[in-house]
Amino acid sequence: MGTFVLGSVIYVQYTVALPLKISAEGHPTALYSTVLTASSVILISCELKLTSYVKRWRPYLAGGIGTALMALGVAGYGLPFGSSVTIVLCTVVFVFGVMISGPTMFAHPATYPPAVKARYIAAHQAGFGVGLALGPTLGVLAWSTLGNGIWWVCGLVGLVAALCAYQGMRRTPAA
């Protein structure tokens, strides 16, 4: 559940703190439109094919590697040479991380035995919802306090979430 809370807090910064960064650094607002367009094009053109490949991986690898990639992409927003190209490239890394981890992690709770499956699905959805609810407030607070340092914090928290996914998903549902 920690992965879902932490991961969704980080995920939402793409829509909360990233526009604040783009504006604060004097980039044109069209950059955020470019970021959204690039992520949408990547998702539409790559997610199904990538998912068909990643579904052959062990779930803990998909969850851990994908979450780590998402964290590295978000941490990249904090690079000191934050050009428009850097922001778009970091978004590409972020989106590939989401595409690798997301389908597996959202499907994983349904692999548990029927007697406990509903509880695992509910805990997953609750954790994801809590992260999405807390993320905007935490993101704005972190941006106003840390400025560009928010991205390094998000990267670190994302790596913790990746470790949680790796360790937590290693346990087989039947165990």
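Residues numbered from 1 in each chain as written. Predicted model: local features only at pLDDT ≥ 70, side-chain atom pairs only at ≥ 80, totals over all residues. Heavy atoms only, no water.

Visitor: Please explain the overall build of the protein as it appears in this structure.
Guide: Check the secondary structure of the protein and you find 7 helices and 0 strands. The order of helices and strands in the protein, counted from the N terminus, is α-α-α-α-α-α-α. Classification of the 175 residues of the protein by burial places 42% in the buried group. Put simply, of all contacts in the protein between residues at least 6 apart along the chain, 81% involve residues at least 24 apart. When the accessible area of the protein is evaluated, it comes to approximately 8,900 Å², of which 72% is carbon and sulfur surface. (Helix = DSSP H or I, 4+ residues; strand = E, 2+ residues; numbered from the N terminus. Buried < 20%, exposed > 50% of the residue type's maximum accessible area, 1.4 Å probe, protein only. Contact = heavy atoms within 4.5 Å. Areas by Shrake-Rupley, 256 points an atom, 1.4 Å probe, with all protein chains shown as cover.)

Visitor: Mind showing me how you'd approach the environment of Val-54 here?
Guide: Relative to the elements of secondary structure, Val-54 occurs in helix H3 (residues 30-54). Separated by 103 residues in sequence, Val-54 and Val-157 have C-alpha atoms that sit 24 Å apart. Dropping the residues within four chain positions of it, Val-54 is found in contact with Ala-62, Ile-100 and Thr-104.

Visitor: Please clarify how the nonpolar core should be interpreted in this entry.
Guide: Counting 26 residues, the largest nonpolar core has Leu-18, Val-74, Tyr-77, Ile-87, Ile-150 and Trp-151 as the members making the most contacts within it. Only helix H2 (17-24), H3, helix H4 (59-76), helix H5 (84-107), helix H6 (114-146) and helix H7 (150-168) provide two or more residues apiece to this core. Among residues more than four places away in sequence, those in contact with Trp-151 are Gln-13, Ala-17, Leu-18, Lys-21, Val-74, Ala-75, Tyr-77, Gly-78 and Trp-143. Residues Phe-4, Tyr-60, Met-105 and Met-169 belong to the second largest nonpolar core, which totals 5 residues. (Core = buried A, V, L, I, M, F, W, Y, C linked by side-chain atoms within 4.5 Å.)

Visitor: Explanation requested: the packing of aromatic side chains in the structure shown.
Guide: Two aromatic rings, taken as a pair, are described by how far apart their centres are and by the angle between their planes. Within the structure shown, the criterion is met by 7 aromatic pairs. Note on Tyr-77 and Trp-151: the rings are 5.1 Å apart at their centroids and 75 degrees apart in plane angle, and the pair reads as edge-to-face. Taken together, the residues Tyr-77 in the loop between H4 and H5 and Trp-151 in helix H7 connect sequence positions 74 residues apart. The structure contains a cluster of three or more aromatic residues connected by ring pairs, namely Tyr-11, Tyr-14 and Phe-94. When the ring centre of Tyr-60 is taken as reference, the NZ or CZ atom of Arg-170 above it lies at 5.0 Å. (Phe/Tyr/Trp six-rings, centres within 6.5 Å; stacked < 30°, edge-to-face > 60°. Lys NZ or Arg CZ within 6 Å of the ring centre and 35° of its normal.)

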